[in-house]
Amino acid sequence: MSVSRRREQRLLDAGETELVKRSHHPELDREDAKALPELIRLLRERRDRARDVSRRQRREVRGKAAPSGSSPASDNSGTREKAALLAAAVKRVSKEHERRRTADARGRTVSGARRALALKRAAGDPSANRPASRTAHEGMNPVPNERNPPSGAVNQEGQEIAMRRGGGPR
């Protein structure tokens, strides 16, 4: 639900009006990327305070809490609207901050990929040092495994155990 600027000014005090004004788009585009987290922090503080006041007023209306002012609260709709306005402002600024952050990350990724491609192209053709055919000069040489027993020793040992179990040779 959109709220007019006049309604915003009626619900918010001067400091909050300035913060919410900075969260709307012509001004939000002019904000520095480093100033956005600070703006989000300020808006969240104001939103949390309005939310807490609204909850307290709601408890006063229901009779669950003692009145905090000189007279008990009769309605909390204005404070509830104020909290909703500030929450919408937080949402707008957070979304813009995230959009700028992802655009910056995307730009860093693209620049890194371009740099890697330039380095790859500068390295030259990797197949230049390869031999023309797939045959090796000397061929393959066997590498004996020292841990294996001599040929047949494992098989003979297994046969001997089987013969003992079976009652002798057949």
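Residues numbered from 1 in each chain as written. Predicted model: local features only at pLDDT ≥ 70, side-chain atom pairs only at ≥ 80, totals over all residues. Heavy atoms only, no water.

A. Main features of the overall build of the chain. Helix and strand counts for the chain come out as 6 helices and 0 strands. Mapped in sequence order, the helices and strands of the chain form the string α-α-α-α-α-α. Among the 170 residues that make up the chain, the fraction classed as buried is 18%. Here the analysis covers contacts within the chain between residues at least 6 apart in sequence; of these, 66% occur between residues at least 24 apart. Total accessible area computed for the chain in this model is approximately 13800 Å², and 51% of it derives from carbon and sulfur atoms. (Helix = DSSP H or I, 4+ residues; strand = E, 2+ residues; numbered from the N terminus. Buried < 20%, exposed > 50% of the residue type's maximum accessible area, 1.4 Å probe, protein only. Contact = heavy atoms within 4.5 Å. Areas by Shrake-Rupley, 256 points an atom, 1.4 Å probe, with all protein chains shown as cover.)

B. Representation of the nonpolar core within the structure. Ranked by size, the top nonpolar core spans 16 residues in total, and within it Leu12, Val20, Leu39, Leu43, Leu86 and Val93 carry the most contacts. Mapped by element, the contributors of at least two residues to this core are helix H2 (14-23), helix H4 (36-62) and helix H5 (77-123). Per-element accounting of this core gives the leading share, 6 residues, to H5. The contact partners of Val93, leaving out residues within four places of it in the chain, are Ser23, Leu28, Leu36, Leu39, Ile40 and Leu43. (Core = buried A, V, L, I, M, F, W, Y, C linked by side-chain atoms within 4.5 Å.)

C. The arrangement of H2 in detail. Of all the residues in H2, the buried ones are Glu16, Leu19, Val20 and Ser23. What you see down the axis of H2 is that its buried residues fit within an arc of 95°, all on one side. On its buried face, H2 is in contact with helix H1 (5-11), helix H3 (25-30), H4 and H5. Measuring from the side-chain oxygen of the N-cap residue of H2 to the backbone nitrogen of Gly15 gives 3.3 Å; that N-cap residue is Asp13. (Arc of directions from axis to C-beta. Polar contact = N/O pair within 3.5 Å; in protein donor to acceptor, adjacent residues only side chain to side chain.)

D. Representation of the pattern of salt bridges in the model. Summed over all chains, the structure comprises 14 salt bridges. A salt bridge links Glu16 to Lys82; the shortest N-O distance between them is 3.1 Å. Highlighted residues: Glu16 in helix H2 and Lys82 in helix H5, separated in sequence by 66 residues. For the pair formed by Glu16 and Lys82, the shared burial category is buried. The salt bridge involving Asp104 is made with Arg108; its shortest N-O contact spans 2.6 Å. Here the residue Asp104 and the residue Arg108 both occupy positions in helix H5, the gap between them amounting to 4 residues, near one helical turn. The class for Arg108 is exposed, based on a relative accessible area of 51%. Through salt bridges with shared partners, one network takes in Arg47, Asp48, Arg51 and Asp52. (Salt bridge = Lys/Arg side-chain N within 4 Å of Asp/Glu carboxyl O.)

E. Molecular detail of the side chain of His24. Here His24 lies in the loop between H2 and H3. By relative accessible area, which is 14% here, His24 ends up buried. At 3.0 Å, the side chain of His24 forms a polar contact with the side chain of Glu8. Those residues in contact with His24 that lie beyond four places of it in its chain are Arg5, Glu8 and Arg92.

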